[in-house]
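# Structure at a glance
Here's the letter readout for the chains.
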Amino acid sequence: MDDQWSNVTHALNHDHVSNINPRLANGVIVVLLLLLNLAGNSLVFYVYKYLIKRNLFSFFVTTLAALDLLSAVTTMQMDAIMKMRPLDETSLSLVALCKLTHFQVYANHLISGCVLILIAYTRYTKICKPLHEGMTMRKAKITVLFLSVGCILLSTFTLVVNGPQEVQIQMGDHVVNVTICRYDKDYEGKPIQQVFVYILTSAFAIVLVATVIFYVMISRALSRFERRSSLKSAGLHSPTVDENSDPSSATHSRPRVTLRERISEIFTGSSGEKISIHMYKMFTIVTFVFVVSYLPHLVVLILLKVLNLDHMTLTYGQRFALELAYNGPYLSCVLNPVIYGFRSAEFRKHCRHVLTCRNSRRSY
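Quick look at the structure, then. Keep in mind it's a predicted model, so treat the numbers as computed, not measured. Chains are numbered independently. Their residues run from 1 in the order of the written sequence. At least 70 in pLDDT is required for a residue's local features to be given in this predicted model, at least 80 for side-chain atom pairs to be given and counted, and no such filter applies to totals for whole chains, interfaces and linings, which use all residues. Side-chain descriptors were evaluated using all non-hydrogen atoms of the structure, hydrogens and water having been removed beforehand.

## Describing the overall build of the protein
- Here a strand is any run of E in DSSP of at least two residues, a helix any run of H or I of at least four, and the numbering for each starts at the N terminus. Assigned secondary structure in the protein consists of twelve helices and three strands.
- A simple rule labels every residue: compare its accessible area, found with a 1.4 Å probe on the protein chains alone, to the largest value its type can have, and call it buried under 20%, exposed over 50%, or partly exposed in between. Here the protein holds 364 residues, and the buried ones make up 45% of them.
- By definition in these notes, contact holds between two residues if any of their heavy atoms fall within 4.5 Å. For the protein, restricting intrachain contacts to residue pairs at least 6 apart in sequence, the fraction spanning at least 24 positions comes to 77%.
- Total accessible area computed for the protein in this model is approximately 19,600 Å², and 64% of it derives from carbon and sulfur atoms. Throughout, the Shrake-Rupley method with a 1.4 Å probe supplies accessible areas, and for residues the shown protein chains are the sole cover considered.

Right, here's the structure in full:
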């Protein structure tokens with residue numbers, strides 16, 4: 001009798017374990033990132049929307065925070081459900097879940113990339129072309145709207161070509177079939193699916209490359225300006241003056257002007273907002289994190305195409321690492337609030353007031 005009960009218990013435990021999704025650990029990681037995303041970006045959105053002076057800087061920050069929050073309540077939530085669902089679960093519509101997940105993630109991150117390009121462009125025009133008319137708030141909102149519509153239209157193809165797909169994972173001495181979100185079986189390998197993948201990969205590559213190019217040009221312009229400023233300052237403090245030189249250069253009493261001061265004095269936008277090294281560095285770090293977090297995802301997309309990994313039986317460790325790299329873009333959503341906190345003393349001050357329930361007025 002005891003042997004029969006032991007066999008029944010063993011069978012029940014085996015069935016319970018066999019129903020656990022091998023991607024459960026990846027799902028737990030996504031949930032943790034989702035909670036951090038919600039907490040951090042909710043605070044960022046509230047502070048920059050209602051407590052900090054309204055300008056292009058705060059508009060771009062609140063836009064990025066809103067996109068990150070949208071990613072948390074849609075993409076990350078659906079992705080976590082897909083990774084943590086039991087293998088014998090049948091109530092979810094996996095086709096709809098996979099199509100909506102891919103549509104949201106690509107549309108959202110394409111829009112975020114375009115906003116980062118727009119930020120880089122505004123920094124470039126203000127620093128490298130200070131005499132040109134700067135971007136107004138109205139123009140920035142219209143541009144973001146048009147870019148968003150374009151990204152959404154491009155991402156609608158995911159509602160056709162993407163869908164559930166079964167992969168095999170080697171778990172010890174047995175193989176487990178797991179459903180993931182990848183490509184619809186009716187379109188996998190077809191020309192429309194391949195063309196869409198190439199277009200989507202190229203779009204993300206263009207976003208990353210264009211953003212990096214803008215910030216490289218900004219960095220070079222600042223370096224050139226710093227060298228010119230240093231040379232002029234050295235000439236002003238020289239004890240002797242060339243007789244053929246401009247008499248105004250003989251002003252020995254003028255104090256040395258730093259790069260930060262010169263930029264804040266000269267480079268102003270159409271709204272009177274002054275350029276600061278702080279603002280430039282903050283958006284540079286945000287862009288760098290976005291690029292670095294997306295590179296593993298692009299590498300995975302290339303490897304899936306070249307090595308056909310989804311049709312190979314991967315070990316648990318290999319699939320776990322692949323999923324981590326594929327979800328790399330989630331990191332930028334979580335790290336952005338940390339960057340704002342470290343780079344902005346004003347943001348930290350308002351956060352302390354909010355978290356301690358103290359009254360905090362908008363900065364004007």
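Back to the write-up after that little detour.
## Brief notes about the packing of aromatic side chains
- Working definition: rings of Phe, Tyr and Trp (its six-membered ring) pair if their centres are within 6.5 Å, and the pair is stacked with planes under 30 degrees apart, edge-to-face with planes over 60 apart, and tilted otherwise. Evaluated as defined, the whole model comprises eleven aromatic pairs.
- Ring centres 5.8 Å apart and planes at 70° place the aromatic pair Tyr48 and Phe57 in the edge-to-face group. One exposure class covers both Tyr48 and Phe57, and it is buried.
- Considering the side-chain rings of Phe59 and Phe60, the 5.6 Å spacing of their centres and the 50° angle between planes classify their relative orientation as tilted. Of the two residues examined, Phe59 and Phe60, each falls in the buried class.
- Here a set of aromatic residues connected by ring pairs shows up, and it is made of Tyr106, Phe204, Phe290 and Tyr294.
- Between the NZ or CZ atom of Arg182 and the centre of the ring of Tyr326, over which it lies, the distance is 4.7 Å. Only when the NZ atom of a Lys or the CZ atom of an Arg is both within 6 Å of the ring centre and within 35 degrees of the ring normal do we say a charge sits over the ring.

## Some words on helix α12 (residues 345–355)
- Among the residues making up α12, those that are buried are Phe347, His350, Cys351 and His353. Along the axis of α12, the buried residues cluster in a sector spanning 160°; they form a single face.
- Trailing α12 by a residue or two, Cys357 shows a phi angle of about 60°, which is positive. What the arc covers is the set of directions going from the helix axis to the C-beta atoms.

## Points about the environment of Tyr121
- Tracing the backbone through its elements, the reader meets Tyr121 in helix α4 (residues 94–128).
- Aside from chain neighbours lying at most four places away, what touches Tyr121 is Met135 and Phe214.

## Structural notes on the state of the cysteines
- In this description, the term disulfide denotes a pair of cysteine sulfurs within 2.5 Å. Counted according to the given criterion, the structure contains one disulfide.
- Here Cys98 is linked by a disulfide to Cys181, with a sulfur-sulfur distance of 2.2 Å. Between Cys98 and Cys181 the disulfide shows an S-S torsion of about -75°. By sign, it is left-handed. Remark: Cys181 occurs in strand β2 (residues 174–181) and Cys98 occurs in helix α4; sequence separation between them is 83 residues. Assigned by exposure class, Cys98 and Cys181 land together as buried.

## Things to note about the sheet that holds β2
- For two strands to be treated as a pair, DSSP must find at least two bridges joining them. The mixed open sheet is built from three strands, whose spatial order is β2-β1-β3. Since the sheet does not close on itself, it has two edges, and those belong to β2 and β3 (314–315), each with one partner.
- Pairing analysis gives two bridges linking strand β1 (residues 164–171) to β3, with the strands arranged parallel. Along β3, the bridge assignment pairs Ile169 with Leu314.

## As for the environment of Ser332
- With respect to the element layout, Ser332 can be found in helix α11 (residues 330–343).
- In this structure the C-alpha to C-alpha distance between Ser332 and Val289, which are 43 residues apart in sequence, comes to 5.9 Å.
- Beyond its immediate sequence surroundings of up to four residues, Ser332 is in contact with Asp68, Val289, Phe290 and Ser293.

## Overview of unusual backbone geometry
- Backbone geometry at Asn308 places phi at a positive 55°, although glycine is not the residue there.
- Within the secondary structure layout, Asn308 lies in the loop between α9 (277–307) and β3.
- Judged by its relative accessible area of 38%, Asn308 is partly exposed.

## Quick notes on a nonpolar patch on the surface
- A contiguous nonpolar surface patch, about 490 Å² in accessible area, is contributed by Ile20, Leu24, Val28, Leu32, Leu35 and Met84.
- No other element matches helix α2 (residues 24–50), which puts four residues into the nonpolar patch.
- Relative to the helices and strands, Leu35 resides in helix α2. Grouping into patches uses exposed residues only, defined as over 30% relative accessible area, and leaves out salt-bridged ones; the cut-off is 9 Å for like charges and 5 Å for nonpolar side chains (Val, Leu, Ile, Met, Phe, Trp, Tyr). For salt bridges, the criterion is a side-chain nitrogen of Lys or Arg within 4 Å of an Asp or Glu carboxyl oxygen.

## Here we look at empty space enclosed by the protein
- Using a 1 Å grid laid over the protein atoms alone, points where a 1.4 Å probe fits but cannot get out form a cavity; open sets with protein on both sides within 12 Å along at least 5 of 7 lines form a pocket; any residue with an atom within 4 Å of a point counts as lining. Grid points are joined across faces, edges and corners, and a volume is the space filled by probe spheres set on the points. As enumerated under the stated definition, the model contains four cavities of 30 Å³ or more in all.
- Its boundaries defined by the atoms lining it, the largest cavity holds a volume of some 280 Å³.
- Around the largest cavity, the lining is made up of 23 residues, and of these Asp79, Lys83, His102, Tyr326 and Asn327 lie nearest the centre.
- Of the residues forming the lining of the largest cavity, the biggest block, five residues, is contributed by helix α3 (residues 56–84).
- Here the residues of the lining of the largest cavity sort into twelve nonpolar, five polar and six charged. Amino acid classes used here: Ala, Val, Leu, Ile, Met, Phe, Trp, Tyr, Cys and Pro are nonpolar; Asp, Glu, Lys and Arg are charged; the rest, including Gly, are polar.

## Quick word on the nonpolar core
- Only buried residues count toward a nonpolar core. Its members are Ala, Val, Leu, Ile, Met, Phe, Trp, Tyr and Cys residues joined through side-chain atoms within 4.5 Å. By size, the foremost hydrophobic cluster in this structure holds 62 residues, and its most contacted members are Tyr48, Phe60, Val115, Ile119 and Tyr340.
- Looking at this core, the element that brings in the most residues is α4, giving 13 residues.
- For Tyr340, the contacting residues outside a window of four places in its chain are Val44, Tyr48, Val61, Leu64, Met282, Val286 and Phe347.
- Among the nonpolar cores identified, the runner-up in size contains eight residues, and Leu33, Ala80, Tyr330 and Val334 belong to it.

## Some details on the packing of α2 against α3
- Here an axis means a line fitted to C-alpha atoms, over the contact stretch when the element is a helix, while the angle between two N-to-C directions is reported on a 0 to 180 degree scale. Two elements in contact, α2 and α3, have axes separated by 8 Å at closest approach and are oriented at 160°. Considering their axes alone, α2 and α3 lie roughly antiparallel with respect to each other. Crossing handedness for the pair α2 and α3: left-handed. Oblique is the label for any angle not under 35 degrees, not over 145, and not in the 65 to 115 range, which are roughly parallel, roughly antiparallel and roughly perpendicular in turn. Should the near helix be turned anticlockwise from the far one by less than a right angle, the crossing is termed left-handed; should it be turned clockwise, right-handed.

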